[in-house]
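Residue-level structural notes
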Amino acid sequence: MAAALTYPFATEPGFGDASAVQIQPGLFWLRMPLFGALKFINVWALSDAEGWTIVDTGIQSAETIDAWRGALKGALRGAPVSRVLVTHMHPDHVGVAGWMSREFRAPLWMSRLEYLSCRMLVADSPEAPAEAIEFLKCCGWPEEQIARYREKFGFFGRMIAPLPAAYRRLSDGQIVNIGDSRWQVIVGNGHSPEHACLYCPERQVFISGDQVLPRISSNVSVYPTEPEADPLDDWLNSLARIRQRVPNEVLVLPAHNSPFAGLHQRIDELMDSHREGLSRLTTLLSAPKRVVDVFPALFNRPITPELLGMASGEALAHLNYLWHRGEVERRLVDGVWWWVAKA
């Protein structure tokens, strides 16, 4: 995949005081450290009248805050943060937005569903709810993995600094003036509830967040809070809308990997990949399968215990997509869902 894409920047940023790459005048590319398979997140600084508008922030950690302090003093020339804009609620994007907002008395800008969903999840009970445990059992999780889930429950909230009690809403089609440029908000769904991308026609730049990534595919999952959701349909429809509204010639600034050109080719690849996965899944379901049995149809690597949650959520997204279209049946047997293609 991604064979037709081009990557115009030979230099990439690191972390710290001088580690920023100028994309265009007044638009800088920085990176903040992560852990696990993804080692960093791309974040963006746009020159504004009173300082910098920051787009996405990194997870809450001492390393992230140190990296931001260094970048603001060094590469960003000591100018203050005037606004914090977050594409969506996942911890690597919103993690230190609350800290930054308080530190600089800068307003937080998010879409409504992302802000409210994040506040809800951070405030969740310290114990895994019964509905979540039932959901995992329905997916076919073994008891040892359910026990591990109980132990780690609440980790999401620990990666996010408390958000301010007020925010400014981003909505689809809204125009946000940043410096001398006008940025259009384009909302996508499926990866998160109301993901806000930013498109600037005069700059021919598209800040895609996790909605379009060049070398990896964003996770599209069903969660215990809405077990019969159809996020894959939301995701595919969102990609189609972005393809219609944003020209192929833009420079895409993604949250992971590197800036690239070839937006439409990448969207086509992503949509085709999911359709091919659905076809393989339908073939596999010639005999009844649990959620945890269908991973080989969708993923090309072994699913470790650390990946089980994401893999189960994405597998269920594909199963629900087929189920909502009447192509498969779901039966509950002894507390476990069994899925089979209709004859």
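Details of the structure are given in the entry above.
These figures come from a predicted structure and were not determined experimentally.

Considering the packing of aromatic side chains
On inspection of all chains with the given rule, the structure shows 11 aromatic pairs. Measuring from ring centre to ring centre gives 6.1 Å for Phe135 and Trp337, while their planes differ by 85 degrees; the resulting arrangement is edge-to-face. Taken together, the residues Phe135 in helix α5 (residues 130-139) and Trp337 in strand β15 (residues 336-341) connect sequence positions 202 residues apart. Note on Phe135: relative accessible area 7%, which makes it buried.

Quick word on the side chain of Ser192
Within the fold, Ser192 resides in the loop between β9 (181-188) and β10 (195-200). Residues contacting Ser192, with those up to four places away along its chain left out, are His88, His90 and Glu114.

A word on the nonpolar core
Formed by 50 residues in total, the largest nonpolar core has its most connected members in Phe206, Val246, Leu263, Leu316, Leu319 and Trp339. Where this core is concerned, the elements lending two or more residues are α5, β10, α8 (231-245), α9 (263-284), α10 (295-298), α11 (308-324) and β15. Residue contacts for Leu263: discarding those within four places in its chain leaves Phe206, Val212, Ile242, Val246, Pro247, Asn248, Val250 and Val252.

What about the pattern of salt bridges?
Under the defined criterion, the tally for this structure stands at 13 salt bridges. For the salt bridge of Arg83 with Asp48, the shortest nitrogen-to-oxygen distance reads 2.6 Å. Placement of Arg83 in strand β5 (residues 81-85) and of Asp48 in strand β3 (residues 40-48) is noted, with a sequence separation of 35 residues between them. No difference in accessibility class separates Arg83 from Asp48, as the two residues are buried. For Arg148, the salt bridge identified is with Glu306, shortest N-O distance 3.6 Å. Of this pair, Arg148 sits in helix α6 (residues 143-152) while Glu306 sits in the loop between α10 and α11; the two residues are 158 residues apart in sequence, bridging distant segments of the chain. Take Glu306: its relative accessible area is 56%, and that puts it in the exposed class. If you follow the salt bridges from partner to partner, you end up with Asp230, Asp233 and Arg325 in one network.

Considering the sheet that holds strand β1 (residues 21-24)
As summarised here, the arrangement of the 7 strands in space is β1-β2-β3-β4-β5-β6-β7, forming an open sheet in which the pairing is mixed. Each edge of the open sheet carries a strand with a single partner, namely β1 and β7 (168-170). Pairwise comparison of adjacent strand axes, ignoring direction, gives a mean angle of 30 degrees for this sheet. Bridging between β5 and strand β6 (residues 108-111) involves 2 bridges; their strand directions are parallel. Residue pairing for β6: Val84 is matched across the bridge by Leu108. In this fold helix α4 (residues 112-122) packs onto β6 and β7, with an angle of close to 100 degrees to the strand it touches most, β6.

Side note on the packing of α8 against α9
Relative orientation of the contacting elements α8 and α9 amounts to 155 degrees, with a least axis distance of 10 Å. Taken together, the axes of α8 and α9 are roughly antiparallel relative to one another. At the point where α8 passes α9, the crossing takes the left-handed sense. Between α8 and α9, the contacting residues are Leu232, Trp235, Leu236, Leu239, Ala240, Ile242 and Arg243 on the first element and Leu263, His264, Ile267, Asp268, Leu270, Met271, His274 and Leu278 on the second.

Brief notes about α5
Every buried residue of α5 is accounted for by Ala132, Ile133, Phe135, Leu136, Cys138 and Cys139. The inward-facing, buried residues of α5 contact α6, α11, β14 (328-333) and β15. Backbone geometry just after α5 places Gly140 at a positive phi near 95 degrees.

Details of the state of the cysteines
Following the criterion strictly, the structure yields 0 disulfides and no others. With no disulfide of its own, Cys197 lies closest to Cys200 among cysteine sulfurs, the gap being 14 Å.

Digging into the pairing of β5
Looking down a regular strand, the side chains alternate between one sheet face and the other. Counting buried positions over the 5 residues of β5 gives 5, a clear majority of the element. As paired strands, strand β4 (residues 51-55) and β5 are joined by 4 bridges and run parallel to one another. By the bridge assignment, Val55 is partnered in β5 with Leu85. Note that the unit made of β4, helix α1 (residues 62-73) and β5 has a crossover that is right-handed.

Analysis parameters
Residues numbered from 1 in each chain as written. Predicted model: local features only at pLDDT ≥ 70, side-chain atom pairs only at ≥ 80, totals over all residues. Heavy atoms only, no water. Phe/Tyr/Trp six-rings, centres within 6.5 Å; stacked < 30°, edge-to-face > 60°. Helix = DSSP H or I, 4+ residues; strand = E, 2+ residues; numbered from the N terminus. Buried < 20%, exposed > 50% of the residue type's maximum accessible area, 1.4 Å probe, protein only. Contact = heavy atoms within 4.5 Å. Core = buried A, V, L, I, M, F, W, Y, C linked by side-chain atoms within 4.5 Å. Salt bridge = Lys/Arg side-chain N within 4 Å of Asp/Glu carboxyl O. Pairing = 2+ DSSP bridges. Axes fitted to C-alpha atoms, helices over the stretch in contact; angles between N-to-C directions. Parallel < 35°, antiparallel > 145°, perpendicular 65-115°, else oblique. Left-handed = near helix turned anticlockwise from the far one by under 90°. Disulfide = S-S within 2.5 Å. Right-handed = clockwise from strand over helix to strand, strands pointing away.

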